[in-house]
There are 2 protein chains.
Amino acid sequence: MDLRKLLKPRTIAIVGASERAGFGGDTTRNYLKFSRNLDRLYLVNPKHDTLFGRRAYRSLSEIEGEIDLVILCTPQKTILPLLEEAAEKGCGGAVVFASGYSETGPEGKILQEELVRKADSLGIAVMGPNCAGFANFIDGIFAFAFLVEERDRRGNIGMISQSGQIVLGGLDSPNMGFSHVISSGNSCNVKVEDYLDFLVDDEDTKVVAAYIEGITKPEKLISAFAKAAEKKKPIVVLKTGRSGKSRELAASHTGSLSGADKVVRAVFRRYGVIEAADLEELMGLAAAFSWLAELPRGERCVFMNVSGGEAGVMADLTEDYGITLAEMEQETKDALQTLVPDYGSVNNPFDMTAGIGYNTPVMVQAMEMISADPNVDAIVVAYTITPEIWDDTITHMVEAVSIAREKEGLKPVFWIPLIEHTRHLESAETLKKSGTPLLPTGKYGCAALKKILDYAVWKFQPMEPALPEKKHGSSHALSEYESLNYLSSHGVPIPPQAVAATEEEAARIGGELGYPLSVKIHSRDIQHKSDVGGVKLNIKNQEELITAFHTVMENCRKNAPDAELEGVLLKPMLKAGTEMIIGVNNDKDFGPMIMIGMGGVFVELFKDVQLAPAPLDFQQAEEMIKRLVSYPLLSGYRGRPVCDKKALADLLVKISRMAAEGRDTIKELDINPVFVTEEGAEIADALLVLYDNEVSE
Amino acid sequence: MDLRKLLKPRTIAIVGASERAGFGGDTTRNYLKFSRNLDRLYLVNPKHDTLFGRRAYRSLSEIEGEIDLVILCTPQKTILPLLEEAAEKGCGGAVVFASGYSETGPEGKILQEELVRKADSLGIAVMGPNCAGFANFIDGIFAFAFLVEERDRRGNIGMISQSGQIVLGGLDSPNMGFSHVISSGNSCNVKVEDYLDFLVDDEDTKVVAAYIEGITKPEKLISAFAKAAEKKKPIVVLKTGRSGKSRELAASHTGSLSGADKVVRAVFRRYGVIEAADLEELMGLAAAFSWLAELPRGERCVFMNVSGGEAGVMADLTEDYGITLAEMEQETKDALQTLVPDYGSVNNPFDMTAGIGYNTPVMVQAMEMISADPNVDAIVVAYTITPEIWDDTITHMVEAVSIAREKEGLKPVFWIPLIEHTRHLESAETLKKSGTPLLPTGKYGCAALKKILDYAVWKFQPMEPALPEKKHGSSHALSEYESLNYLSSHGVPIPPQAVAATEEEAARIGGELGYPLSVKIHSRDIQHKSDVGGVKLNIKNQEELITAFHTVMENCRKNAPDAELEGVLLKPMLKAGTEMIIGVNNDKDFGPMIMIGMGGVFVELFKDVQLAPAPLDFQQAEEMIKRLVSYPLLSGYRGRPVCDKKALADLLVKISRMAAEGRDTIKELDINPVFVTEEGAEIADALLVLYDNEVSE
């Protein structure tokens, strides 16, 4: 759907415009105060001839000419007829503030479906319902219902939020300038994903900040993410739903069903989408990318402080957040040492002392020296900026940063205050002009910096996503033999296996496979083979094999009298190695997700697993394995064998390709264990669950 | 040393007083601006007759009468003669701003030692050197060198910091009111611990906030902590030294040697000391305790929001930080439901909607309903407070909290903003007056709230600390046999064991102990018994025992020809169980620390260990074991045996008592493994290292 009439309208009508408080009055007042080109605005109210000294229209049809956008400040019941009236005026966009839709339960859901049908049939893109509107600062349109301070907010952050209150939070943040802000509300026929796509394309938008409760158009989301990744336009997302409580709340707030949190995070990681943990981080990251002159080329930072104590505090925080402190060249250190008094020493964090911190030209010199060091990618100045300046050091340091930033080739600079304050506005403005982000305080600042540095060095590896192409219903599990055969016939190597229905077949297969062997009952009707005496391991010769064959068959006849026994599954015993688990779970939105972890309590108790969307390339597979906390256990830790991690990664790639191709076939796959030894990685057992609606190829 | 003349002086002289910028000028200007009773102040400067229109004295001796405190704004070289002159005026306290002491290296260290000797001999308590001074807001004395905004800062927070800049950060924070602030600098003859003790005793101080780089008087620290714990006066500490970098910096900043971080944290935990991760948290926690009317009786919170989106954000944060969301009674929920519009639903976090949030009396009613619920211990209002108020909701909600707090028996209320702002000062003041802490933003706020709730429900279990009584030098390791015997003779149960020097002895002991047995070489000269073939396990009868005896002895004769072999150690094979590790490490400051973890990679890779000062009582031992992430592995996890955790805790208690009694004997103890089974916990191996200067009792 074309969003231009909604987001970049030429003519606008506010229906329910008013001089009284409430959605109608507040929206009108805001519009008149903050918008440009007021001659393209029409106020509509059946009870007034004038409002705010302007002509008011009794109805939309009374207006001459076309109306691109209607802003409906009226109750739920009036919406459908108004949309019809608007459509006759050529309207292509509507903002619907009214609530009483899907956020209220089944009845509201029906009303919302009606609204979508009507809007779709009229070709009107609807923002809302249950939203707070939007502002387009580029074209000067302020169609937002909450009152805000009078201030110039034009900038390059594009913000979308399912919560109007959260947009308000952004508008109230002094450090943020916007291209667009959009409160999408219940997102009826225009979804969060559509706005996201619009902002990724929008040339006035440098960074996208989004608050998302639920995802409904995964394909659109992925394509917008991929476009942004290609351009390296940062997207910062605050996605609720980490906790069960917040998933419940999202359902009752905007009727959203929140996607499985871990899956969404894995998707974010794939596309370099930066996740914020809360609102402060969302705003801080958006402002930082908005201000930042250019991304650092690497992640090695030098911190500059004017207090040994504060330098120590920052040192601890850099370690907590995994920020790399640059090792400066001795030459740089020697040069810096000439700038500090005798008692000062050149460390990183670097306590500049009063010698540098109180002296603008000397600090500029120090910044140039640090920037010139080949081991340094960015400079971080850490000092608190108070609302009013009593401490001259702030002025000196802000000035120094501003001057240094004008020097040819100076590397990126960030500023992190140590204590929370709304920062002295002029100083903030000076830093902003110099392309130096003023990050939030301490822990927030370091978390944001780490995310920015990670993003700066991140490289997008485009992979065709494997989104599901249809809805799936019921499913059925395969036997071990069938599961392994399926893997084998879809490009995943498995150890040899065969089924023997008789003693003679068993003996022959035993001779072919070689000993030692495992013997397991083969029956679709028996899930837990050990429980019915259906497993014998480590069979060393033909004689043992024949005994095992009969024992297993007899046990199962006795213990599972109703099961149809097809024979026994014979497999050579694998060389025991480090046990890994590989799994596939087909997410209804994002398709097959592949999981890896070390077997046993590492996965279960320590939650040491990695998840990524299928398919994977070899490098992605290797990185997943390396991110495991238990990774050293594969690498010769404390005398353990050095496992063949390349074979494991290779197996992971093949499984991921099979999963991607089987996006509409495979529901779940549980490979447990994979034995990784010094010479390879072998699948010892697998359980595959397929959808019943499997396509016959 | 008596600190009264230093911190609560009746007469004060500023030496080096001046009208120019710099330590002398800034201190004088500050003093004149912020202090009361200026007639007890004397300004001293050899070059002036008047300063700021007041009489100036050429020297201290020119002043008539006694001087309690001298504030020395002069360089390092002048300090010793000035102290002598001051002593003649009856001076008992001095503030020394000068730097050039232990923070600069070996030479400065000598100068500082001289300063300490001189001050001690004159009976003068010195603040500094290399400090920024102090302020006593109770008695109206402002002896601080950095310029600050004019504002009333009197309150009940007592703050100590080894960094002057960090004191400045506190003074600049609008939410904080102080009894005392102290910049202790290099802490020469008055240590951080002495100030801490002073503030714990001080009745004007409700909460102590401390920035600490290094600990030098552990005994004083512990006794101050214990006193505070008994009174339940909260102490919030920011201790740098989590990272190697910050330990380096502390050494060059104030010459502090930072204590081992994990040990210090274990000590904090024992005494309920609240640790802050950075400055913002330090200030936020101090302000919160300062404002809080009373501690909650439990940790179950109800969050109140006015936005579904923000409620979702807070829900995720409560889960991230482990904050308990109260389950309200159905009756309470039904009552609240009558206050919200149809589309609202009563959750926790509770999205009050405009129906409550915009309506002061209704919000008061809602707060009373929530507070009356027996399952609720505290209410948390989450809403951003901007510097200027455009959003009336803030006014309504602040007013509602203030009115509700006046109701008889209303439970404690906290306020957490979602985005960082210096808060609208009047609103903050209203909340403060109502005893409602205005916590920092989002993540900081939740981290602080969790720490306050933990502190509120924490109960101090007084235990006699086992601080070392002397300095320890070299040490020696015992053999396994000797180590186990030592344990046994100090109250720690061990399995039977015996040494056999001959085949005959072995046979006899074998008969006594019973089979199966282990046979290990017994020699002080052999540390790694397996490496030289000195171990045979699972010996089933006398015949095998005699063979094993000879094999072990021969292997060792061959592989360790220089070792003196005393025979073999015989022990019954223990029933294998879950393997735990218990260790003791004797910290030079805080004495024996006891450690427990699950054997193998759980300790090494996942760092899943717990540490506490010895001794432990049974409950403390149980809590340590329960805090392990691997704890479920002792409790029947996935079909594992349910281990005898009481036996393990009992063993831990006995080892901790032995360690506490052996504070001047035992250097290290490594018990690895302890086998924990369904019926008990048994020590399988131990290695003890004793100090050479062991006291012969």
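Only a predicted model underlies this, so the values are computations on that prediction, with no experimental measurement involved.

Points about the interface of chain A and chain B
Across the contact, 87 residues belong to chain A and 87 residues belong to chain B. Regarding the contact of chain A and chain B, the summed buried area is about 6900 Å², with carbon and sulfur atoms giving 59% of it. When the buried surface of chain A facing chain B is broken down by residue, A:Trp390, A:Glu420 and A:Phe606 rank first, second and third, together holding 11% of it. Put simply, chain A and chain B have two salt bridges between them. Residue B:Lys443 pairs with A:Glu281 through a salt bridge whose shortest N-O separation is 2.5 Å.

Notes on the packing of aromatic side chains
Summed over all chains, the structure comprises 31 aromatic pairs over all chains. For the ring pair A:Phe144 and A:Phe146, a centre distance of 5.5 Å and an interplane angle of 75° mean the geometry is edge-to-face. On the basis of an interplanar angle of 80° and a centroid distance of 5.5 Å, the ring pair of B:Phe289 and B:Tyr455 is categorised as edge-to-face. Separated by 166 residues along the polypeptide, B:Phe289 in helix α10 (residues 279-291) and B:Tyr455 in helix α17 (residues 442-457) bring together distant segments of the chain. Looking at A:Lys232, its charged tip hangs above the ring of A:Tyr455, at a distance of 5.1 Å from the centre.

Side note on the nonpolar core
Where a protein is soluble and globular, its nonpolar side chains tend to be buried together. If you look at the biggest cluster of nonpolar residues, it comprises 163 residues, and the most contacted ones within it are A:Leu449, A:Phe590 and B:Leu449. Not counting the four nearest positions on each side in its chain, A:Leu449 is found in contact with A:Cys301, A:Phe303, A:Ile323, A:Val380, A:Phe414, A:Ile416 and A:Leu439.

As for the relation of the copies chain A and chain B
Its rotation angle being 180°, the transformation that places chain A on chain B also includes 0.0 Å of axial translation and leaves an RMSD of 0.1 Å. The superposition of one copy onto the other is thereby described by a two-fold rotation axis. Residue by residue, 100% of the interface of chain A is reproduced at the interface of chain B, so both copies engage with the same surface.

Comments concerning the pairing of strand β15 (residues 300-305) of chain A
The two faces of the sheet receive side chains in turn, since in a regular strand these alternate between them. Residue and element names in this part refer to chain A. β15 sits mainly inside the fold: five of its six residues count as buried. When β15 meets strand β16 (residues 324-325), the two strands line up parallel, connected through two bridges. Its bridge partner lying in β16, Arg-300 is registered against Thr-324. Of the crossover connections in this fold, the one passing from β15 over helix α11 (residues 308-320) to the parallel β16 is right-handed. The sheet contact formed by β15 and strand β18 (residues 378-382) spans four bridges and is parallel. By the bridge assignment for β18, Val-302 is matched with Ile-379. As paired strands, β15 and strand β17 (residues 350-351) are joined by two bridges and run parallel to one another. Paired with Met-304 across the two strands is Phe-350, which belongs to β17.

Focus on the packing of helix α19 (residues 503-513) of chain A against helix α20 (residues 542-559) of chain A
All names here are of chain A. It is at 10 Å that the axes of α19 and α20 come closest, and there the two elements cross at 140°. By the angle between their axes, α19 is oblique relative to α20. Taken as a pair, α19 and α20 cross one another with a handedness that is right-handed. Here α19 contributes Glu-503, Ala-506, Ala-507 and Gly-510 to the contact with α20, which in turn contributes Gln-542, Leu-545, Ile-546, Phe-549 and His-550. The residue makeup of the contact of α19 with α20, split by class, is five nonpolar, three polar and one charged.

The rules behind each value
- Residue positions are given per chain, counted from 1 along the sequence in the order it is written.
- Working convention: letters from A go to chains and numbers from 1 go to ligands, in the order in which they are written.
- In keeping with the predicted nature of the model, local features appear solely for residues at pLDDT of at least 70, side-chain atom pairs appear and are counted solely at 80 or more, and the whole-chain, interface and lining totals rest on all residues.
- Heavy atoms throughout the structure, all of them, feed into the side-chain values; hydrogens and water do not.
- We call two residues contacting when some pair of their heavy atoms lies within 4.5 Å.
- Note on definitions: buried area is the accessible-area loss of two parts on being combined, 1.4 Å probe, summed for both.
- Whenever a carboxyl oxygen of Asp or Glu lies within 4 Å of a side-chain nitrogen of Lys or Arg, that contact is scored as a salt bridge.
- Centre distance within 6.5 Å is the pairing criterion for rings of Phe, Tyr and Trp, where only the six-membered ring of Trp is used; planes under 30 degrees apart are then read as stacked, over 60 as edge-to-face, and the remainder as tilted.
- A run of H or I in DSSP counts as a helix once it spans at least four residues, and a run of E counts as a strand once it spans at least two, with each numbered from the N terminus.
- Our definition puts a charge over a ring when NZ of Lys or CZ of Arg is within 6 Å of the ring centre and also within 35 degrees of the ring normal.
- Residues grouped as a nonpolar core are buried Ala, Val, Leu, Ile, Met, Phe, Trp, Tyr and Cys residues, joined through side-chain atoms within 4.5 Å.
- Only protein chains enter the accessibility calculation, which uses a 1.4 Å probe; a residue whose area is less than 20% of its type maximum is buried, one above 50% is exposed, and one in between is partly exposed.
- The fit set for superposing copies consists of C-alpha atoms from residues with pLDDT of at least 70 in both; the fit itself is least squares.
- Two strands qualify as a pair provided that DSSP identifies no fewer than 2 bridges between them.
- The handedness rule is simple: strands pointing away from the viewer, and a clockwise path from the first strand over the helix to the second, make the crossover right-handed.
- For every element, the axis is a line fit to its C-alpha atoms; helices are fit only across the contacting stretch, and the angle between N-to-C directions ranges from 0 to 180 degrees.
- Roughly parallel covers angles under 35 degrees, roughly antiparallel covers those over 145, roughly perpendicular covers 65 to 115, and oblique covers all other angles.
- The handedness criterion is simple: a crossing whose near helix is rotated anticlockwise from the far helix by less than a right angle is left-handed, and one whose near helix is rotated clockwise is right-handed.
- Note on residue categories: nonpolar means Ala, Val, Leu, Ile, Met, Phe, Trp, Tyr, Cys or Pro, charged means Asp, Glu, Lys or Arg, and polar means any other residue, Gly included.

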